[in-house]
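Breakdown of the fold
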Amino acid sequence: MSLVEIKDLKVHYPIRSGFWNRVTDSVKAVDGITFNIEAGETYGLVGESGSGKSTTGKSVVGLEKVTSGSILYNGKDITKADNRRKLDYNRDVQMIFQDSLSSLNPRKRIEDIIAEPLRNFEHLSKDDEKLRVLQLLNIVGLDADALYKYPHQFSGGQRQRIGVARAVATNPKLIIADEPVSALDLSVQAQVLNFMKKIQREFGISYLFISHDLGVVRHMCNNIAIMNRGRLVEIGTREDIYNHPLHIYTKRLLAAIPETNVNQRAAHRASRLAVEKIYEDQQSKYYDEDGMAYPLVQVSPTHSVALPETIAKQLASQEGEVQA
Amino acid sequence: MAENFEQHSDISAADLARLNQEAQAEATPSTAKIIWNEFKADKPAMAALIIVVGFIVFVMIGALFINTPKMMETNIMDYFDKPFTDGFWLGADSGGRSVAKQLIVGSRNSIGIAIGLTIISSTFGIAWGLVSGYFSGYIDWGMQRVYDFMMMLPMTMMIIVLVTIIPHYNSVSLTFIFSIFYWEGTSRLIRSRTLAETQKDYVAASKTSGTNHWKIIFKEIMPNISSLIIVDCTLSFAENIGVETGLSYLGFGLPNQTPSLGTMIANANDPSNITLYWWTWLPAALEIVVLCLSISYIGQVLRRAADSSQRQGAAD
Ligand SMILES: Nc1ncnc2c1ncn2[C@@H]1O[C@H](COP(=O)(O)OP(=O)(O)O)[C@@H](O)[C@H]1O
Ligand SMILES: [Mg+2]
């Protein structure tokens, strides 16, 4: 059994209007996605902004009311608030937010911010609690004098580390990391990612790592799901996604990875434009008549893609993959 | 589990006291401290604060030493005594009653009502706005329909009707009657800020940290809109001094034998009073002007101080 099993998850936001506040339409932020997260692994969820990644992450951590489908944590459906309460679910499943400034209450001192989950879930003595907070600060590489300061006194990278410290405070099993480094400078990104990896090794945590950038995900994730307009278009191992991408959307994301080597910028740009052109020309092949992704079909034990069966098989054999 | 943290950090219980002390030395001043420093730096603001606080304390205590029923007795011998005659510092009115004493007791009554009204209506309005904005959905929708209904009622007319049909009312019941109609503006203001605040990730983080809704509303969100609350309360207070005064002036405020700033200014209803017996109404009018100006000046400084701590909060 996997740590988390997401089955046909749908989150639709109703659009209300008129005096009686009736539902007149809905935004299908997440529209039927299925994947599993194993204990101890980092699972990547990648897609353009607006594709429903954050909504998925928030559903898993219990912040979003799901429309239908289920999320099983150790076999229990945690889409019901009642089950979450009984399990003390958020003691085990925590979140790191994209915007580190907005995710730390500007009116609270760092000690109170990091201790918040401890106070609700662990009820330590005052000294034990302070000690734990100091240890957490130390683990994420911050000094003790951070204790009585406010979030605005720290840099973006430091704040994100405070967010990491809060998320690991109760020693959780799973952390949803929603674009944890997207708002940071490149040099700081690597630093925060390294802390996250170190913590994963030491505490045996699983991550659901959300990103819009396949470049960042490459160094973090074993398994990756590609999300597009509320649906998954491709699932596979790192090898499957980076070396044998099948869906045009995945190829487009790969082409969008920024090229750091100055000498190859021109070539990179040309290949990106080529992919973009194919994307424009072949949309009808990769999406159904409503412009939505097809259901996933399996092309190898680890690799699935959202295409009609025949096309998927054909593409897979072109790519030289071993058939299931 | 605690071992897990012991093992992976270099800090153990032995370091606790030392590190805590180091951290304390680096602690950042609180918002209250920032506001106080702002007052210390701004001399006119300090003067305004001293005037308002000093005056309120003076009339609250002074009124205790005045026998109101005796003061309100008519004494025909002192009819419109000029200031500084017969021992009347500020003269006497048409009933021969001391203007100075009426001013003290009247200020106590008017300011007392204004304070009570501000506390009740602001508390209610803030709570209403916070809850409505935080929960959104059906709760918000229902609470907003109540708000719409209250806003539809013609306020002044309702107060006059209520005051007329309630047989024996005094400053306390009057305060409550006013309060019914004075929380709406605050609630709307607070709700719109709460709607924005609730979207921020720190609220989501509090939820995933296991904090319950009420704690999130009053301990996480409310401190973040404290500058708005402080400024709104100060301005409401200045405005509320005018509320009672206005109605008493029209003759629908406190009963006749209860002096207030409004009943004193009502002396100006008589054209001959306005020019000939100016001392019967001018001190009360001046007092209101000075108080309201001082309070709104204090409000401005509070806003500036709160904003600067907010700015520091937003700065990188
Ligand atoms: N509370 C909400 N109400 C209505 N629509 C929403 C809400 N939250 C997100 N959406 C919509 O759902 C879609 C997916 O959003 P999101 O999950 O934030 O995407 P991502 O994280 O991939 O950028 C977007 O089109 C967004 O506008
Ligand atoms: Mg997002």
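Residues numbered from 1 in each chain as written. Chains lettered and ligands numbered in written order. Predicted model: local features only at pLDDT ≥ 70, side-chain atom pairs only at ≥ 80, totals over all residues. Heavy atoms only, no water.

Comments concerning helix α11 (residues 201–208) of chain B
All names here are of chain B. In plain terms, the rule: Only protein chains enter the area calculation, which uses a 1.4 Å probe; residues under 20% of their type maximum are buried, those over 50% are exposed, and those in between are partly exposed. For helices the rule is a DSSP run of H or I covering at least 4 residues; for strands it is a run of E covering at least 2, with both sets numbered from the N terminus onward.
Of all 8 residues that make up α11, 7 are buried, and the element is covered over most of its length. Asp201, Tyr202, Val203, Ala204, Ala205, Ser206 and Thr208 are the residues of α11 that are buried. Following α11 by one or two positions, Gly210 has its phi on the positive side, about 85°.

Topic: the interface of chain B and chain A
Definition in use: Pairs of residues are marked as contacts when any of their non-hydrogen atoms sit within 4.5 Å. Definition used for salt bridges: Asp or Glu carboxyl oxygen within 4 Å of a side-chain nitrogen of Lys or Arg. Any N or O atom pair separated by 3.5 Å or less is treated as a polar contact, with the protein-specific requirement of one donor-capable and one acceptor-capable atom, and with residues adjacent in sequence counted only for side-chain atom pairs. Residues were grouped as follows: Ala, Val, Leu, Ile, Met, Phe, Trp, Tyr, Cys and Pro as nonpolar; Asp, Glu, Lys and Arg as charged; and all remaining residues, including Gly, as polar.
The partner chain A presents 49 residues to the 49 residues of chain B that form the contact. One salt bridge connects A:Lys108 with B:Glu220, and the closest N-O pair in it is separated by 2.9 Å. On inspection of chain B and its partner chain A, the count reaches 14 residue pairs in polar contact (both at pLDDT 80 or more). If you list the elements that add at least two residues to the side of chain B that touches chain A, you get α1 (2–8), α2 (16–25), α7 (137–152), α11, α12 (213–224) and α16 (282–314) of chain B. Per-element accounting of the side of chain B that touches chain A gives the leading share, 7 residues, to α11(B). The residue makeup of the side of chain B that touches chain A, split by class, is 19 nonpolar, 20 polar and 10 charged.

A word on the site of ligand 1
Residue and element names in this part refer to chain A. Heads up, the rule is: Proximity is defined per residue: any heavy atom of the residue falling within 4 Å of a molecule or strand makes that residue near it. Residue exposure ignores everything except the shown protein chains as possible cover, and the areas themselves are Shrake-Rupley values with a 1.4 Å probe.
Every residue close to ligand 1 is listed here: Tyr13, Ala29, Glu48, Ser49, Gly50, Ser51, Gly52, Lys53, Ser54 and Thr55. At 3.4 Å, a side-chain N or O of Tyr13 approaches a nitrogen atom of ligand 1. Between ligand 1 and Thr55, the relevant distance is 2.4 Å, taken from an oxygen atom to a side-chain nitrogen or oxygen of the residue. Considered on its own, ligand 1 offers 560 Å² of accessible surface; in the complex 58% of this is hidden by protein. For the shell around ligand 1, the element with the highest residue contribution is helix α1 (residues 53–61), accounting for 3 residues.

Some points on the sheet that holds strand β1 (residues 4–17) of chain A
All names here are of chain A. The criterion, for reference: Any two strands are treated as partners once DSSP identifies two or more bridges connecting them. An axis is simply a line fitted to the C-alpha atoms; with a helix, the fit covers only the stretch in contact. Between two such axes, the angle follows the N-to-C directions and lies from 0 to 180 degrees.
Strand order in the open sheet made by the 4 strands is β2-β1-β4-β5, with antiparallel pairing throughout. Edge positions in the open sheet fall to β2 (22–37) and β5 (76–77), since each of these has one partner strand only. Relative to β5, strand β4 (residues 68–73) is paired through 2 bridges, and the arrangement is antiparallel. The residue bridging Tyr73 from the neighbouring strand is Lys76, located in β5. Its contacts with the sheet place α1 against β1, β2 and β4, and it is angled at close to 115° to β1.

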